[in-house]
Amino acid sequence: MKKSLIILLIVCFVLGGCGKEEPAKQADDTKKGIQNKYLDTETYNLLFNACYVATTDTRIVEAVKDVGKTHVYINSDGVSYEHDIAALKESINNVVSGIGSVNTSQEYSILIEYKADSGVVVTREKYPENL
């Protein structure tokens with residue numbers, strides 16, 4: 001009887017210890033998700049501002065006017081462009097040096113389009129939600 005009770009206590013301690021590790025892992029995943037979202041937001045805002053400043057370049061205005069609209073994407077692979085507009089890439093990189101090497105945990109996009117009544121407009125299209 002004593003042996004059965006001791007074995008039962010040991011099993012309870014073992015099972016009780018295993019259950020305590022899982023919530024810690026969930027807390028770490030939640031913390032990592034919040035951190036990723038914060039970094040994504042900061043990175044996206046940096047890219048958006050670079051796009052906004054870049055579109056003051058007349059070469060880019062003419063290039064965007066030619067294509068009508070274009071997208072700038074950022075995801076886990078880095079920054080990519082819908083249209084291969086060299087002046088846009090160069091200008092964005094000049095505004096934020098090394099922007100091509102940054103990335104985000106999910107894919108986000110920025111729309112750059114030409115409107116006859118207002119010129120080049122930069123719009124947040126798919127972006128990280130505010131924290």
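Keep in mind it's a predicted model, so treat the numbers as computed, not measured.

S.K.: Explain a nonpolar patch on the surface here, please?
M.R.: On the surface, a nonpolar cluster with roughly 270 Å² of combined accessible area is contributed by Tyr52, Val53 and Val95. Inspection of the secondary structure puts Tyr52 in helix H1 (residues 2–54). By relative accessible area, which is 51% here, Tyr52 ends up exposed.

S.K.: Looking at this model, I keep getting lost on the sheet that holds strand E2 (residues 78–81). Mind explaining?
M.R.: Sheet strands pair by backbone hydrogen bonding; their relative direction is either parallel or antiparallel. If you walk across this open sheet you meet the four strands as E2-E1-E3-E4, and the pairing is antiparallel. Across the chains shown, the open sheet's two edge strands, defined by having one partner strand only, are E2 and strand E4 (119–126). Adjacent strand axes in the sheet meet at a mean angle of 20° when their direction is disregarded. Here strand E3 (residues 108–115) runs beside E4; their pairing, made up of seven bridges, is antiparallel. Note on E4: the bridge partner recorded for Leu111 is Thr123. Lying on the sheet, helix H2 (residues 58–67) is in contact with strand E1 (69–75), E3 and E4; it crosses E3 at an angle near 90°.

S.K.: Explain the packing of aromatic side chains to me, please; I cannot follow it from the model alone.
M.R.: Each aromatic ring pair is summarised here by two numbers: the centre-to-centre distance and the angle between the ring planes. Inspection of every chain in the model, using the stated rule, returns two aromatic pairs. Measuring from ring centre to ring centre gives 6.1 Å for Tyr44 and Tyr108, while their planes differ by 75°; the resulting arrangement is edge-to-face. Linking Tyr44 in helix H1 with Tyr108 in strand E3, this pair joins segments that are 64 residues apart in sequence. Judged by relative accessible area, Tyr108 falls into the buried class, the value being 6%. Ring geometry for Tyr44 versus Tyr127: centroids 6.3 Å apart, planes at 40°, classification tilted. Here Tyr44 is found in helix H1, whereas its partner Tyr127 is found in the segment after E4, with 83 residues between them in sequence. Relative accessible area serves as the criterion here: at 1%, Tyr44 is assigned to the buried category. We note Arg124 situated over the ring of Phe48; from NZ or CZ to the ring centre the distance is 4.0 Å.

About the cut-offs
Residues numbered from 1 in each chain as written. Predicted model: local features only at pLDDT ≥ 70, side-chain atom pairs only at ≥ 80, totals over all residues. Heavy atoms only, no water. Patch = residues over 30% accessible without salt bridge, like charges linked within 9 Å, V, L, I, M, F, W, Y side chains within 5 Å. Areas by Shrake-Rupley, 256 points an atom, 1.4 Å probe, with all protein chains shown as cover. Salt bridge = Lys/Arg side-chain N within 4 Å of Asp/Glu carboxyl O. Helix = DSSP H or I, 4+ residues; strand = E, 2+ residues; numbered from the N terminus. Buried < 20%, exposed > 50% of the residue type's maximum accessible area, 1.4 Å probe, protein only. Pairing = 2+ DSSP bridges. Axes fitted to C-alpha atoms, helices over the stretch in contact; angles between N-to-C directions. Contact = heavy atoms within 4.5 Å. Phe/Tyr/Trp six-rings, centres within 6.5 Å; stacked < 30°, edge-to-face > 60°. Lys NZ or Arg CZ within 6 Å of the ring centre and 35° of its normal.

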